[in-house]
Amino acid sequence: MKNVLLLLIGLSVFLLSGCAGGDNEAGSGAPFAVVTDQAGREVVLQDVPERIVSLSPSNTEIVFALGMADRVVGVTDYCNYPPEAEAKAKVGGFSNPNLELILELEADLVLAGSLHEEFIPRLEEMGIPVLVLAPETLADVYASLMLVAEVTGSTEQGELLVAEIQERVSRVQAALGSLNEDEKVVVYYEVYSDPLMSAGAGTLINEIITLSGGRNIFADLAEQYPKVSAESVVERQPQVILFPDYHGSAEIMAEQMTERPGWESIPALRENRAYAVHDDAFTRPGPRVVDAIEQTAKLFYPGLF
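Residues numbered from 1 in each chain as written. Predicted model: local features only at pLDDT ≥ 70, side-chain atom pairs only at ≥ 80, totals over all residues. Heavy atoms only, no water.

1. Observations concerning the overall build of the protein
Secondary structure assignment for the protein yields 12 helices and 13 strands. Taking 19 Å as the expected radius of gyration for a compact globule of 305 residues, we find that the protein reaches 21 Å, a close match to that expectation. Looking at the 305 residues of the protein, the share that counts as buried comes to 50%. Taking the contacts inside the protein whose residues are at least 6 apart along the sequence as the reference set, 59% of them involve residues at least 24 apart. When the accessible surface of the protein is split by element, carbon and sulfur atoms take 52% of a total near 14,200 Å². (Helix = DSSP H or I, 4+ residues; strand = E, 2+ residues; numbered from the N terminus. Rg over C-alpha atoms; globule rule 2.2 N^0.38 Å. Buried < 20%, exposed > 50% of the residue type's maximum accessible area, 1.4 Å probe, protein only. Contact = heavy atoms within 4.5 Å. Areas by Shrake-Rupley, 256 points an atom, 1.4 Å probe, with all protein chains shown as cover.)

Spelled out as structure tokens, the structure:
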């Protein structure tokens, strides 16, 4: 099954890529790669990019995971993983990149996100190719990895990385295989506390919870990050509560949650099952998604891992 899935991913990238792929033939004048990015744009690269600027933390993690740290010349102020990324030149924030600095860095490829639409034409006018990555699901993450691998001449490394992630996810799924649907834990993820916000359907957080053997109490909401009422959380009686680790320790957060009207009746708080989880791994659509799946599955079912 794993080999079949890899074949399908490779085929989809090939179809998206059109005539992307190998090295230029001497004197042919053909571009190194012509691909369709995740914004549906055709991107042409004349040569293998050697000076890459990333405009989002998840893009940075993808490039480093593919073993191309030496090609990264610029990242955003928020690119903090892996630690080596913090030593790279900073090109501004996620929403306000410094285009002049990107030009000074002699970038020959910029990895952008879906929110950089206004900057893309300006970068291209400066002669810098821009590849947009916009993954929202685990399948999209696989496609992003393979797309970056394709345009950097690192297809083999991309295939190996995707296979490794798939294998780790498969091991989690195998361990959870004996669970019936009604045995899966009911989970509330608190994105923000004032106002209360959670994760609905279509979010990476919801997919992580599902792949970890949980049932998200707000998976029935179409809005990705809906505001929710304290009463609705009580009504849905979560058995486990997850929240980003930047909120503070689990003990402090659990104590604060218990003080909310009616929350003392929530099973997760009665049974001390409120956990702080690594926010970046849960919200950045990159290679560390599998870390979040493994961590959460162990929190949900410690006896199985």
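2. Examining the sheet that holds strand β8 (residues 185–189)
Strand order across the open sheet formed by 4 strands is β11-β8-β12-β13, with parallel pairing between neighbours. Edge positions in the sheet fall to β11 (214–216) and β13 (274–277), since each of these pairs with one other strand and no more. On average, each strand axis in the sheet is inclined to that of its neighbour by 35 degrees, with strand direction left out of account. Two strands pair when backbone bridges link them, and β8 and strand β12 (residues 240–244) are joined in this way by 3 bridges, in the parallel orientation. Across the sheet, the residue bridging to Y189 is L242, located in β12. The strands touched by helix α9 (residues 250–258) within the sheet are β12 and β13, with β12 carrying the most contacts at an inclination of about 115 degrees. (Pairing = 2+ DSSP bridges. Axes fitted to C-alpha atoms, helices over the stretch in contact; angles between N-to-C directions.)

3. With respect to the packing of helix α6 (residues 155–176) against helix α12 (residues 289–300)
Working note: a packed helix pair is described by the angle between its axes plus the distance between those axes. Close contact between α6 and α12 brings their axes to 10 Å; oriented N to C, the two are set at 15 degrees. When the axes of α6 and α12 are compared, the pair comes out roughly parallel. The chirality of how α6 crosses α12 is left-handed. Every residue of α12 that contacts α6 at I165, R168, V169 and V172 is listed here: V290, D291, I293, E294 and A297. (Parallel < 35°, antiparallel > 145°, perpendicular 65-115°, else oblique. Left-handed = near helix turned anticlockwise from the far one by under 90°.)

4. Some thoughts on the pattern of salt bridges
As enumerated under the stated definition, the model contains 11 salt bridges in all. Salt-bridge contacts for R41 lead to D37; the nearest nitrogen and oxygen are separated by 2.5 Å. Of the two residues, R41 and D37, both sit in the buried class. Across the pair D291 and R168 runs a salt bridge, and its minimum N-O distance is 2.6 Å. Taken together, the residues span a long stretch of sequence, with D291 in helix α12 and R168 in helix α6 at a distance of 123 residues. Among the residues examined, D291 registers a relative accessible area of 30% and is labelled partly exposed. Overlapping salt bridges, with partners in common, bring together E61, D280, R284 and R288 in one network. (Salt bridge = Lys/Arg side-chain N within 4 Å of Asp/Glu carboxyl O.)

5. Some points on the sheet that holds strand β5 (residues 89–90)
Taken together, the 5 strands give an open sheet; going across it, the order is β5-β4-β3-β6-β7, and neighbouring strands pair in parallel fashion. Edge strands, defined here as strands with exactly one partner in the open sheet, are β5 and β7 (130–132). Inspection of the sheet shows strand β3 (residues 52–54) paired to strand β4 (residues 72–75) by 2 bridges, in the parallel sense. Within the sheet, the bridge partner assigned to V53 lies in β4 and is G74.

6. Observations concerning the pairing of strand β2 (residues 42–45)
For a regular strand, the rule is simple: side chains alternate between the two faces of the sheet. The two faces of β2 differ: V43 and L45 on one face are buried, but E42 and V44 on the other face are not. In this structure, strand β1 (residues 33–36) lies alongside β2, joined through 4 bridges in antiparallel fashion. In the strand pairing of β2, T36 is matched with E42. Linkage of β1 to β2, two consecutive antiparallel strands, is achieved through a turn of 5 residues, within which G40 is found at a positive phi near 80 degrees.

7. Notes on the nonpolar core
L131, V148, Y189, L242, F282, I293 and F300 are the most contacted members of the largest nonpolar core, which has 59 residues in total. With 9 residues, helix α5 (residues 138–151) is the single largest residue contributor to this core. With residues up to four places along the chain from it excluded, the contact list for V148 reads I62, V63, L66, M68, L111, L131 and L133. By size, the runner-up hydrophobic cluster in this structure holds 18 residues, among which are I241, W263, I266 and A274. (Core = buried A, V, L, I, M, F, W, Y, C linked by side-chain atoms within 4.5 Å.)

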